[in-house]
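Chain by chain, the residues run as shown.
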Amino acid sequence: MPDFRHELVARLPRMRRFALTLCRSPHEAEDLVQMAVERALRHEASWEVGTSLDSWLYRILQNLWRDELRAHRRKAEPLDEVAELMGEDGREVTMNTLQWAEARAALRTLAEDQRAVLTLVVLDGLSYQDAADALEVPIGTVMSRLSRARARMASLLGAEPKLRKAT
């Protein structure tokens, strides 16, 4: 069985991305991840082996963020306008930077619940059930939030949302 601490470290990039989605501030996101890691280490015994460690960690992050919002009654700060993108030439880097900036700006306009679902499912690749577990909502709620988030993003980015045909 993999070591809990090694598994936790392996998930740090995903935790940072989710925290950044919640906080919209790199500094606050790092603080949130640090608090989540501390809490996860303190409560390692409460995680049930065989269940999704990702969902458990995302739930910790989200609960800490909610506690922080309640405690300080503050609004999240916007993301820094810095994105490091690689490319073969200046045109590719410029296009990637512009597209990434547009996507981030569109993402910031989403409601927090839609932003969280979109990040977990699309960016982190969680299943709908794992996202539902992490957010402590029914799977149908995840599906409807994700659908609304995708439609809103498509609208903001000037794309037509792709509708899935029922089979």
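Residues numbered from 1 in each chain as written. Predicted model: local features only at pLDDT ≥ 70, side-chain atom pairs only at ≥ 80, totals over all residues. Heavy atoms only, no water.

To continue, consider the packing of aromatic side chains. Here a ring pair, both rings aromatic, is described through the centre-centre distance and the interplanar angle of the planes. On inspection of all chains with the given rule, the structure shows three aromatic pairs. A centroid spacing of 5.9 Å and a plane angle of 45 degrees characterise the contact between phenylalanine 4 and tryptophan 47, whose relative ring orientation is tilted. Here phenylalanine 4 is found in helix α1 (residues 4–10), whereas its partner tryptophan 47 is found in the loop between α3 (26–42) and α4 (53–72), with 43 residues between them in sequence. On the basis of an interplanar angle of 65 degrees and a centroid distance of 5.1 Å, the ring pair of phenylalanine 18 and tyrosine 58 is categorised as edge-to-face. Separated by 40 residues along the polypeptide, phenylalanine 18 in helix α2 (residues 12–23) and tyrosine 58 in helix α4 bring together distant segments of the chain. Like tyrosine 58, phenylalanine 18 is buried. (Phe/Tyr/Trp six-rings, centres within 6.5 Å; stacked < 30°, edge-to-face > 60°. Helix = DSSP H or I, 4+ residues; strand = E, 2+ residues; numbered from the N terminus. Buried < 20%, exposed > 50% of the residue type's maximum accessible area, 1.4 Å probe, protein only.)

Here we take up the pattern of salt bridges. All told, the structure shown has six salt bridges when counted by the stated rule. We note a salt bridge from glutamate 30 to arginine 16, for which the minimum N-O separation is 3.0 Å. Pair noted here: glutamate 30 is in helix α3 and arginine 16 is in helix α2, with a separation of 14 residues, a long-range link. Several salt bridges share partner residues, and in doing so they unite Glu7, Arg11, Arg14 and Asp54 into one network. (Salt bridge = Lys/Arg side-chain N within 4 Å of Asp/Glu carboxyl O.)

Before going further, it helps to spend a moment on the environment of tryptophan 47. By relative accessible area, tryptophan 47 is classed as buried at 16%. Those residues in contact with tryptophan 47 that lie beyond four places of it in its chain are Phe4, Ser52, Leu53 and Trp56. (Contact = heavy atoms within 4.5 Å.)

Attention shifts here to the packing of helix α6 (residues 112–123) against helix α7 (residues 128–135). Two elements in contact, α6 and α7, have axes whose closest approach is 9 Å; the angle formed by their N-to-C orientations is 140 degrees. The angle between α6 and α7 falls in the class oblique. The two elements α6 and α7 cross, and the hand of that crossing is right-handed. Along the contact surface, α6 presents Ala116, Val117, Leu120 and Val121, while α7 presents Tyr128, Ala131, Ala134 and Leu135. For the contact of α6 with α7, the residue count by class is eight nonpolar, no polar and no charged. (Axes fitted to C-alpha atoms, helices over the stretch in contact; angles between N-to-C directions. Parallel < 35°, antiparallel > 145°, perpendicular 65-115°, else oblique. Left-handed = near helix turned anticlockwise from the far one by under 90°. Nonpolar A, V, L, I, M, F, W, Y, C, P; charged D, E, K, R; others polar.)

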